[in-house]
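Reading the structure
For reference, the chains in residue letters:
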Amino acid sequence: MRVLLPAYIKLKTKFTAYLIIVILIIGAFFLFREREVKQQELINVPEVKEPEPEPAVVEEVIKYIFIPDTFNNRIQIFDPDGNYINSIGKFGFDKEELRFPLDAIYFDDKVYVLDRGNNKIKVFDLNGTFLFLFDNKEIDILLPYDIDIFDNKLHIIDTFNNKVKVVDLNGKLLYQFGNMSSYAFTNISTRKNLKFPLGLAVNKDYIYISDTMNNRIAVFTHDGNFVKEFGNDLKKPFGITLYNDLIYVADSDNSMVKVYNTDGELINSFGSYGTKEEQFKHPSKMWIINDHIYIADTMNHRIKVYTLDGKLDFIFGRFGNRPGEFKFPGGKRKVSNVYSSLSLSSSV
């Protein structure tokens, strides 16, 4: 027994050592396996990308304002603060000359001028150099009063033909709609007809028309289908312009500006007849420029600038023929006592 005990102890010691080694190996195996699984999980985890920042919305800043200085037979160019820059045109019948211009639009480095007295659309560069004119045999306009550009198409109020004409930017007639009568001296029998319209504004949905002698705003689709009318409180509406879901109308004979929503509901108005700063005398054209509305206060020979909610910001211009001065900017309208038609002769 004494002889076997040391051998037993020795054997037991070896067995314990082997057991420890086996345990260590097994432990190492499982540790390695766990690490491998974790690494595999890390490999399989989908990459989380940082969300890309949304592009900043950059609103176009308009640098130039083109005012039809109608009775000075020119288009005057100003910066948004009312500082004079340049002018286009002078009185005459030649291609580079103008007679009672009533509107101008700057688009694609060109100035499209509505030369009402010569029944022409003329195109200039920003320096006033004549480029080309539209063929009036193609578009056949008679004393037009307003233009607007949308979707690379020029929309023309052909006032004495009681039509809206849409042409491409080279003057090719695309389509037209409105009363087929040359002179609307009879009562309008249908709501889709027009009676001496003086203004229009276009957006992606509709064409809004100041149907002046019908004392309303008429709304049409782009293919000329009548949609609705509103503004039974208007008296000889003239200029019209759009901003988001708002419609600004120069209520000329009431000498005020009225603001409607797209349902035709009146939501704001400002101005009254007179010569004071807050008053108008027959406003005509209007333009939305850099979140302000510029209004041709025609018979006061000045441009008034308002915030979009109708607060007067500043005024520029006065009566005269020097640079920065005006004679009936935007054109004036006369009403006959015999018949409420427009006296649109050479004296506008």
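Residues numbered from 1 in each chain as written. Predicted model: local features only at pLDDT ≥ 70, side-chain atom pairs only at ≥ 80, totals over all residues. Heavy atoms only, no water.

What follows deals with the overall build of the protein. Each helix and strand in the protein was counted, giving two helices and 23 strands. Burial analysis of the protein (348 residues in total) assigns 46% to the buried set. Within the protein, counting contacts between residues at least 6 apart in sequence, those at least 24 apart form 41% of the total. Summed over its atoms, the accessible surface of the protein is roughly 18,700 Å², and 54% of this surface lies on carbon and sulfur atoms. (Helix = DSSP H or I, 4+ residues; strand = E, 2+ residues; numbered from the N terminus. Buried < 20%, exposed > 50% of the residue type's maximum accessible area, 1.4 Å probe, protein only. Contact = heavy atoms within 4.5 Å. Areas by Shrake-Rupley, 256 points an atom, 1.4 Å probe, with all protein chains shown as cover.)

It is worth spelling out the nonpolar core at this point. Counting 41 residues, the largest nonpolar core has Ile121, Leu154 and Ile209 as its most contacted members. Here Ile121 is in contact with Val113, Leu114, Leu133, Phe134, Ile139, Ile141, Ile147, Leu154 and Ile156, once residues within four sequence places are set aside. (Core = buried A, V, L, I, M, F, W, Y, C linked by side-chain atoms within 4.5 Å.)

A separate point is the confidence of the model for the protein. When pLDDT drops low, the exact placement of atoms in the prediction is not to be read closely. Residue-level pLDDT values for the protein average 85, and 75% of them are 70 or greater. A low-confidence stretch, residues 181–188 (pLDDT under 50), is modelled with 23 contacts involving residues beyond four sequence positions or located in other chains. Residue range residues 334–348 is modelled with pLDDT below 50. Its contacts to residues more than four positions away, or to other chains, number 37 contacts. (pLDDT = per-residue confidence, 0-100.)

Per the counting criterion, the structure on display carries 16 salt bridges. In this structure, Arg74 engages Asp69 in a salt bridge whose closest nitrogen and oxygen atoms are separated by 2.7 Å. Its salt-bridge partner being Arg216, residue Asp211 comes within 2.7 Å of it at the nearest N-O pair. For the pair shown, Asp211 and Arg216 are each scored as buried. (Salt bridge = Lys/Arg side-chain N within 4 Å of Asp/Glu carboxyl O.)

On to the side chain of Thr212. With respect to the element layout, Thr212 can be found in the loop between strand E13 (207–211) and strand E14 (216–220). Side-chain polar atoms of Thr212 contact the backbone oxygen of Pro237, separated by 2.8 Å. (Polar contact = N/O pair within 3.5 Å; in protein donor to acceptor, adjacent residues only side chain to side chain.)

It is worth spelling out the sheet that holds E14 at this point. Taken together, the four strands give an open sheet; going across it, the order is E12-E13-E14-E15, and neighbouring strands pair in antiparallel fashion. Bordering the open sheet on either side are strand E12 (199–202) and strand E15 (226–230), each of which pairs with just one other strand. For this sheet, the mean inter-axis angle between neighbouring strands, taken without regard to orientation, is 20 degrees. Pairing geometry for E13 and E14, over five bridges, is antiparallel. The residue bridging Tyr208 from the neighbouring strand is Val219, located in E14. (Pairing = 2+ DSSP bridges. Axes fitted to C-alpha atoms, helices over the stretch in contact; angles between N-to-C directions.)

Right, let's talk about the pairing of strand E19 (residues 266–270) for a bit. For strand E18 (residues 256–261) and E19, the ladder comprises four bridges, and the chain directions are antiparallel. Opposite Tyr260, over in E19, you have Leu266 as the bridge partner. Counting the residues in the hairpin turn of E18 and E19 gives four residues, including Gly264, whose phi is positive at 85 degrees.

Bringing the packing of aromatic side chains into the picture now. Taken as a whole, this structure holds 22 aromatic pairs when the rule is applied. Centre to centre, the rings of Phe220 and Phe226 are 5.6 Å apart; their planes meet at 80 degrees, and the pair counts as edge-to-face. You can call Phe220 buried: its relative accessible area is 1%. In this structure Phe226 comes out as partly exposed when scored by relative accessible area, which is 24%. By the ring-pair criterion, three or more aromatic residues cluster together here, those being Phe78, Tyr84, Tyr294, Phe314, Phe316 and Phe326. The positively charged end of Lys304 is found above the aromatic ring belonging to Phe280, 4.0 Å away from the centroid. (Phe/Tyr/Trp six-rings, centres within 6.5 Å; stacked < 30°, edge-to-face > 60°. Lys NZ or Arg CZ within 6 Å of the ring centre and 35° of its normal.)

To continue, consider unusual backbone geometry. With a phi angle near 55 degrees, Asn162 is a residue other than glycine that sits in the positive phi range. By the secondary structure assignment, Asn162 is in the loop between strand E9 (153–158) and strand E10 (163–168). Residue Asn162 is classed as buried on the basis of its relative accessible area of 0%. Positive phi values are uncommon outside glycine, yet Phe196 reaches one of about 50 degrees. With respect to the element layout, Phe196 can be found in the loop between strand E11 (173–178) and E12. Residue class for Phe196 comes out buried when judged on its relative accessible area of 1%.

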